[in-house]
Amino acid sequence: MSTYHPLSEAQAIEYARQIPDLFQPGSELTSHEIGDGNLNLVFRITEKASGKSIILKQALPYAKVVGESWPLTLDRARIESEALIIEEGLVPDLVPHVYAYDADLALTVMEDLSDHVIMRKGLIERNQYPLFAEHIGRFLANTLFFTSDLGKNQQEKKIQQGRFINPELCKITEDLIFDDPYRDAETNSIEAQIRDAAEQLWADSALHFEVAILRQKFLTNAQALLHGDLHTGSIFIKPDSTKVIDPEFAYYGPMGFDIGAVLANLILNFAGQEGWSPDHESRQAYRAYLLQTVKDVWTHFEANFRALWNEHGVDRVFQTPGYQDYFLKNLLQDTAGFTGAKMVRRIVGLAHVADIDKIENSAARERAQRMALAIGTSLIRANRQVTSIDELIAVATKESAVERGFVL
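What counts, and where the lines are drawn
Residues numbered from 1 in each chain as written. Predicted model: local features only at pLDDT ≥ 70, side-chain atom pairs only at ≥ 80, totals over all residues. Heavy atoms only, no water. UniProt positions renumbered as here; feature names shortened; annotations may be inferred. Pairing = 2+ DSSP bridges. Helix = DSSP H or I, 4+ residues; strand = E, 2+ residues; numbered from the N terminus. Contact = heavy atoms within 4.5 Å. Axes fitted to C-alpha atoms, helices over the stretch in contact; angles between N-to-C directions. Buried < 20%, exposed > 50% of the residue type's maximum accessible area, 1.4 Å probe, protein only. Core = buried A, V, L, I, M, F, W, Y, C linked by side-chain atoms within 4.5 Å. Expected span 1.5 Å × (residues − 1). Bend = angle between axes of the 7 residues up to and from the residue. Parallel < 35°, antiparallel > 145°, perpendicular 65-115°, else oblique. Nonpolar A, V, L, I, M, F, W, Y, C, P; charged D, E, K, R; others polar.

Taking an unreviewed UniProt entry as the reference, the chain is identified by name as Methylthioribose kinase belonging to Paenibacillus aceris. Recorded under Sequence similarities (unreviewed entry), the UniProt text for the chain is reproduced unchanged: "Belongs to the methylthioribose kinase family." Recorded in UniProt under Function (unreviewed entry), the annotation for the chain is "Catalyzes the phosphorylation of methylthioribose into methylthioribose-1-phosphate."

Written out as structure tokens, the structure reads:
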């Protein structure tokens, strides 16, 4: 019989008190339910005397953003905990430490990162993070390479893949990214001012063809263990540290989906600068920083990935001259397509991004929305022709200029 029940703050404190070697016996603990957005309960437990704190994250049996009418598996808590532990083994400086996992309560106890900020908030505030591209490029290279057939014993990989099937959360992605935005779905959230652009999406059969190819890859191409939801709201950051959190959507899928998620959110903020930059000059400067970061993320990823392949590759056949170049060319093309799909979903799908939705000026918000859709759809259309990261960036540059009334 299940002992699961959602914790109250008082119960969270008592649970934390029982975890060995964390807090002093009998010390005063406080709890603050901070939430994490759409799906879970999150408590910060703090020891008053020392200031030491931890995070208790408990999965709810439904989507918090919708309510009990949208049930969700509690097994996602196990998936998140196991994914974090695997990631910590590969990039220990880039994920929070997991202290404990409780299957009965669907509860993960982990390191508190309250000295960091959510990257999405930092970008909206127009901060710059000089180490981010190297950090996230290394995170992507290590987690994707060492969980793939390139860098992991292929029989062990198949066994591990079985632990990360994650059908319910994959179904959310399959619908919200690769289906609903391209039809008049009830779950879509579309502002009236861009209804015409959404209707163009629904009628564009050539675009749907490219989305179908991307969807098929997401459904069937089990290349590596993905984070599965690697947006700037799933990254804690400060100038000298980057921490990736919330891999509850983890599953075995196409590598480009994770890379594309990172790039998409940088470019969504690029579009959002219509509302966040105070003047043309500062807007241009910050957009240049964002696009340089896009390039640097891919460059650091590729350099790390190639080095790992050359030193740790487990398959003799994959060392065939030319195959590495072929693989990375296809991966870049996948990345371009998934970048576009993630952008489109964030404008017309169920859950948007604060980078654009929080722009108060409706005209600036509309410009940002249309720019993001233009860039996203262009990347989807062009994905199978992209041959360099510069070409991906050129799409964003061209479409931003067109949407703002300039001709390049």
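Taken together, the 3 strands give an open sheet; going across it, the order is β8-β10-β11, and neighbouring strands pair in antiparallel fashion. Both edges of this open sheet fall to β8 (117-118) and β11 (241-244), since each of them pairs with a single strand only. Here strand β10 (residues 235-238) runs beside β11; their pairing, made up of 4 bridges, is antiparallel. Within the sheet, the bridge partner assigned to Ile235 lies in β11 and is Val244. Against the sheet, helix α4 (residues 132-145) makes contact with β10 and β11, and its axis sits at roughly 35° relative to β11, the strand it touches most.

Mapped onto this structure's residue numbering, the UniProt feature "binding site: substrate" (unreviewed entry) falls at Asp229 and Arg345. Spanning 117 residues, the named residues nonetheless gather at one spot, since no C-alpha pair among them exceeds 12.8 Å. For Asp229, the position within the fold is in the loop between β9 (224-226) and β10. The class for Asp229 is buried, based on a relative accessible area of 16%. Setting aside chain neighbours within four positions, we find Asp229 in contact with Ser234, Phe249, Asp258, Lys342 and Arg346. On the secondary structure map, Arg345 appears in helix α11 (residues 323-348). Beyond its immediate sequence surroundings of up to four residues, Arg345 is in contact with Leu176, Ile177, Pro181, Leu350 and Ala351.

Pairing is antiparallel across the open sheet formed by 5 strands, whose spatial order is β1-β2-β3-β7-β6. Looking at which strands have only one partner, the edges of the open sheet turn out to be β1 (29-33) and β6 (98-102). Strand-to-strand twist across the sheet, computed as the mean angle between neighbouring axes with direction ignored, equals 20°. Pairing analysis gives 5 bridges linking strand β3 (residues 53-59) to strand β7 (residues 107-111), with the strands arranged antiparallel. Counterpart to Ile55 in the pairing with β7 is Met110. Packed onto the sheet, helix α1 (residues 9-17) meets β1, β2 (40-47), β3, β6 and β7 and runs at close to 130° relative to β1. The strands touched by helix α2 (residues 75-90) within the sheet are β2, β3, β6 and β7, with β6 carrying the most contacts at an inclination of about 155°.

By size, the foremost hydrophobic cluster in this structure holds 91 residues, and its most contacted members are Phe132, Leu140, Phe301 and Phe305. When residues of this core are assigned to their parent elements, the largest contribution, 12 residues, is made by helix α9 (residues 255-276).

The next subject is α9. In this model, α9 (22 residues) spans 32 Å end to end at C-alpha, consistent with the 32 Å of a helix rising 1.5 Å per residue. The largest bend in α9 is about 30°, located at Phe270. Summarising burial for α9: 20 of the 22 residues are buried, a large majority.

At a minimum axis distance of 10 Å, the contact between helix α8 (residues 205-220) and α11 shows a crossing angle of 105°. The angle between α8 and α11 falls in the class roughly perpendicular. Of the residues in α11, those touching α8 at Leu214, Lys217 and Phe218 are Asp334, Gly337, Phe338 and Ala341. Class assignment for the residues of the contact of α8 with α11 results in 4 nonpolar, 1 polar and 2 charged.

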